[in-house]
Every structure is written in structure tokens, then in C-alpha cells.
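Residue-level structure breakdown
Spelled out from the first residue to the last, the chains are:
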Amino acid sequence: MKTSKLNKKNNQVSSGVALVEGERLIRQLLDNKITIKKLYSRENIALPEWTNGLNIEVLGDKKFSVLSSTKTPQNFIALISRNTTSIKNYNTLLYLDRISDPGNLGTILRTALALDIDGVAISPDSCDIFNPKVIRSSLGALFTLPIEIKPYSWLAEQEAQKILADLHGTSIYELPPLEDKKILIMGSEANGPSPEIKQLADLVITIPISAKMESLNLAIATGICLSHIKEKK
């Protein structure tokens, strides 16, 4: 595929590739043994040692800017396959329902990896996990954490305690003993959990907050819930 067409999402999806921008993230890919199909470099840039052995294409400023998704492009963009690690055996899993904000999704993935969650399942109607904002805000967690796109039917089949976060439920500070195998379910930013999801819940939990504040950011709420669930035996 021509470089000029790679900045289009549909072209990336149909070709099974994604773009990762910035030296920090690209070096994380290399550290995690992720194969880089091609590395795009801006012209007149001295190539550092970590680029040795990579398939490199040097682009002029105009072509490089077209390829980049940021207003201020960095010096390197990596072309990789749109692959994630499969979910296998798990004790604590996160299920994300209809997450629309890529910044939230990336931050949640970063938090899940930091808290050593075993994997993240995402509903098919959520935003693209390879959205550039997801990649940047996840700080590479997208390529390390087991992640799969899974429908409600898959969630219903899981033999695990399904814990749903909602506006009303058991306080996270008063959780009962939890099962060893469990799935935390977080609903969409705008509409919360869907009716279908609510029917699957074994336990509904909530985060008590001050009456001075209407709600919490989804990524922050997810981190708080995950932390308490991991801690609770």
C-alpha cells in the first residue's frame, strides 16, 4: 500500500496494519518483541542505534505530516500488524461495554496492565482499539495486555462472578467476599451499562462520591474499582 493511503483508518483495517508514533512507544514495541513491518523516519534526522536492522523509509516533511495523526509530528512512525494477545486463563478480567472515547480506552488499558489484570474484553461496538489516541494513551499497554473483542453472548457464557459498576449498588468500601474468578464490567461513558449487561450481573457495585460532584471520569472509576476488586479476597 502507498504511504499516502496509510493515514486512512479503512485502509489500515483492510490491510491489517496500524501506525504507532513516537520513539518512546516504538522502543516499547521493540522491548516487547513486537515486529515492526516498517519504520518511517523524517528526513534530515540522525538515526539512533535502536533503529539498526529495521526496514526504514525516509519521508519528507510533507509526506511525514500526512502520515502522522498529531499536530506536531514526532520523528518516527512504526507500521505494525493489528494483532493483540489472546485472553487465556484468568482470575480477574475487565469487560468494557460500548466505550466510545479513545483516550479513556487507552488510559483504562494502561491502568489494567499496571494493576496486573489478566486481560480486557471489549464489546464490538466500542471505539477502534488501534485508534492513534488509544495507542498513545495506553503507553504501549495495548500490545502487551491480553485483549479481545467479545460480544455479550461470550460474557454470558463465562463461569466467573460478574461484577457490574453502576450508579447504585454495594459500596466498593463494603464489598462482600469475592469469588476467585471474576469479571468487572464497566459501561459506556454517556449511557452507563446496557440493559443486557445488567441482566448478567451477579453483583452491582458503586463508588460513593461527594454530592458536590455528579460523576467520575470512566477511566478513573475503572481504576478505583479494579484496585478494590484486586485487593478484596
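Residues numbered from 1 in each chain as written. Predicted model: local features only at pLDDT ≥ 70, side-chain atom pairs only at ≥ 80, totals over all residues. Heavy atoms only, no water.

Describing the overall build of the protein
The helix and strand tally for the protein stands at 8 helices and 10 strands. Across the 233 residues that make up the protein, the buried fraction comes to 45%. Considering only contacts within the protein whose residues lie at least 6 apart along the sequence, 76% involve residues at least 24 apart. A distance of 8 Å separates the average location of the 28 positive side-chain charges in the protein from that of its 25 negative side-chain charges. (Helix = DSSP H or I, 4+ residues; strand = E, 2+ residues; numbered from the N terminus. Buried < 20%, exposed > 50% of the residue type's maximum accessible area, 1.4 Å probe, protein only. Contact = heavy atoms within 4.5 Å. Lys, Arg positive; Asp, Glu negative; His and termini not counted. Charge placed at Lys NZ, Arg CZ, Asp CG, Glu CD.)

Digging into a nonpolar patch on the surface
Together, Ile209, Met213, Leu216 and Ile220 make up a nonpolar patch on the protein surface, roughly 350 Å² of accessible area in all. Residue Ile209 is classed as partly exposed on the basis of its relative accessible area of 36%. (Patch = residues over 30% accessible without salt bridge, like charges linked within 9 Å, V, L, I, M, F, W, Y side chains within 5 Å. Areas by Shrake-Rupley, 256 points an atom, 1.4 Å probe, with all protein chains shown as cover. Salt bridge = Lys/Arg side-chain N within 4 Å of Asp/Glu carboxyl O.)

Notes on the sheet that holds strand S10 (residues 203–206)
Backbone-to-backbone hydrogen bonds pair the strands of a sheet. The strands run either parallel or antiparallel. If you trace the 6 strands from one edge of the open sheet to the other, you get S7-S6-S5-S9-S8-S10, paired in parallel fashion. On the outer flanks of this sheet lie strand S7 (147–149) and S10, each paired with one strand and no other. Along the sheet, successive strands turn relative to each other by an average axial angle of 30°, direction set aside. Here strand S5 (residues 92–96) runs beside strand S9 (residues 182–186); their pairing, made up of 5 bridges, is parallel. Within S9, the residue paired with Leu94 across the bridge is Leu184. Along the sheet face, helix H8 (residues 218–231) touches S5, strand S8 (161–171), S9 and S10 and points at about 160° away from the line of S9. (Pairing = 2+ DSSP bridges. Axes fitted to C-alpha atoms, helices over the stretch in contact; angles between N-to-C directions.)

Observations concerning the pattern of salt bridges
Following the criterion strictly, the structure yields 7 salt bridges and no others. Across the salt bridge formed by Glu57 and Lys38, the nearest N and O atoms sit 3.1 Å from each other. Of the two residues, Glu57 is situated in strand S3 (residues 56–59) and Lys38 in strand S2 (residues 38–42); the sequence distance between them amounts to 19 residues. For Glu57, a relative accessible area of 25% translates into the label partly exposed. Between Lys150 and Glu148 there is a salt bridge, with the nearest N and O atoms lying 3.1 Å from each other.

Digging into the nonpolar core
The biggest cluster of nonpolar side chains holds 47 residues, and the ones touching the most others in it are Val20, Leu96, Leu105, Leu109, Val120, Leu184 and Ile205. For this core, the element with the highest residue contribution is H8, accounting for 6 residues. Sequence-distant contacts of Val120, defined by excluding residues within four places in its chain, comprise Ile87, Leu93, Leu94, Leu96, Leu109, Ala112, Leu145, Pro146, Ile147 and Glu148. Formed by 12 residues, the second largest nonpolar core is a distinct cluster that contains Ile87, Tyr95, Trp154 and Ile197. (Core = buried A, V, L, I, M, F, W, Y, C linked by side-chain atoms within 4.5 Å.)

Brief notes about the sheet that holds strand S4 (residues 76–81)
Across the sheet, which stays open at both edges, the 4 strands sit in the order S1-S4-S2-S3 with mixed pairing between neighbours. Edge positions in the open sheet fall to strand S1 (17–21) and S3, since each of these has one partner strand only. With direction set aside, neighbouring strand axes in the sheet form an average angle of 25°. As paired strands, S2 and S3 are joined by 4 bridges and run parallel to one another. Within S3, the position partnered with Leu39 by the bridge is Ile56. Along the sheet, helix H2 (residues 23–31) contacts S1, S2 and S4; its crossing angle with S4, the most-contacted strand, is approximately 35°.

Observations concerning the packing of aromatic side chains
In the structure shown here, the tally under the stated rule is 3 aromatic pairs. Seen in terms of ring centroids, Tyr95 and Trp154 are 6.5 Å apart; in terms of plane orientation they differ by 20°. Their pairing is stacked. A residue pair is termed long-range when its members are at least 10 positions apart, and Tyr95 in strand S5 and Trp154 in helix H6 (residues 152–157) qualify at 59 residues. Per residue, the accessibility class of Tyr95 equals that of Trp154, and both read buried. Measuring from ring centre to ring centre gives 6.3 Å for Phe130 and Phe143, while their planes differ by 45°; the resulting arrangement is tilted. Of the two residues, Phe130 is situated in the loop between strand S6 (120–122) and helix H5 (132–138) and Phe143 in the loop between H5 and S7; the sequence distance between them amounts to 13 residues. As far as the burial class goes, Phe130 and Phe143 line up, both buried. (Phe/Tyr/Trp six-rings, centres within 6.5 Å; stacked < 30°, edge-to-face > 60°.)

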